[in-house]
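Structural overview
The chain contents come next:
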Amino acid sequence: LATRLAAAFENAATSLAAIEPSFAAGRTQSALTASIARARDAYSALATAAAEESASGAESALKRTSAAEAEVNGMLADYELLGYSPETGGLAAGRS
């Protein structure tokens, strides 16, 4: 599961990096891409720890995954403050 999550975060980071952001969203997009990459790295570390059957490695990686997911969620909230809506996949109605 951790390997699949790492791959999903990799795909998200790659897709997001390919989008040309608006001026207003540029810094937020860069920060979100970086936080997604940190989540990918954390899940990769978790997969490695599981494969190596390392309890201490898994515990450390789980802490990293929790922190990384919280960071991604915070960055997504910043996108909402810019007027982007997860329901529409773009700017919320009435914003341009």
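Residues numbered from 1 in each chain as written. Predicted model: local features only at pLDDT ≥ 70, side-chain atom pairs only at ≥ 80, totals over all residues. Heavy atoms only, no water.

1. Things to note about the overall build of the chain
- Looking only at helices and strands, the chain features 3 helices and 2 strands.
- What you see in the chain, going N to C, is helices and strands ordered as α-α-α-β-β.
- In the chain, once contacts between residues fewer than 6 apart in sequence are set aside, the share between residues at least 24 apart is 54%.
- Per element, the accessible surface of the chain, about 6,100 Å² overall, is 57% carbon and sulfur. (Helix = DSSP H or I, 4+ residues; strand = E, 2+ residues; numbered from the N terminus. Contact = heavy atoms within 4.5 Å. Areas by Shrake-Rupley, 256 points an atom, 1.4 Å probe, with all protein chains shown as cover.)

2. Brief notes about the packing of helix 2 (residues 26-51) against helix 3 (residues 55-81)
- Following both chains from N to C, one finds helix 2 and helix 3 inclined at 160 degrees, their axes separated by 8 Å at the closest point. Classified by the angle between their axes, helix 2 and helix 3 sit roughly antiparallel to one another. Considering only the axes of helix 2 and helix 3, their crossing is left-handed.
- For the contact of helix 2 with helix 3, a count of residues per class yields 17 nonpolar, 5 polar and 6 charged. (Axes fitted to C-alpha atoms, helices over the stretch in contact; angles between N-to-C directions. Parallel < 35°, antiparallel > 145°, perpendicular 65-115°, else oblique. Left-handed = near helix turned anticlockwise from the far one by under 90°. Nonpolar A, V, L, I, M, F, W, Y, C, P; charged D, E, K, R; others polar.)

3. Comments concerning the confidence of the model for the chain
- Looking at the chain, the pLDDT average stands at 88 and 89% of residues meet or exceed 70.
- Mean pLDDT across the secondary structure elements of the chain bottoms out at strand 2 (residues 90-91), with 58, and peaks at helix 2, with 94. (pLDDT = per-residue confidence, 0-100.)

4. Quick word on the packing of aromatic side chains
- Under the counting rule described, the total for this entry stands at 1 aromatic pair.
- On the numbers, 5.7 Å between centres and 10 degrees between planes, the contact of Phe-9 with Tyr-43 is stacked. With Phe-9 in helix 1 (residues 2-17) and Tyr-43 in helix 2, the pair connects residues that are 34 residues apart, well separated along the chain.
- Judged by relative accessible area, Phe-9 falls into the buried class, the value being 16%. (Phe/Tyr/Trp six-rings, centres within 6.5 Å; stacked < 30°, edge-to-face > 60°. Buried < 20%, exposed > 50% of the residue type's maximum accessible area, 1.4 Å probe, protein only.)

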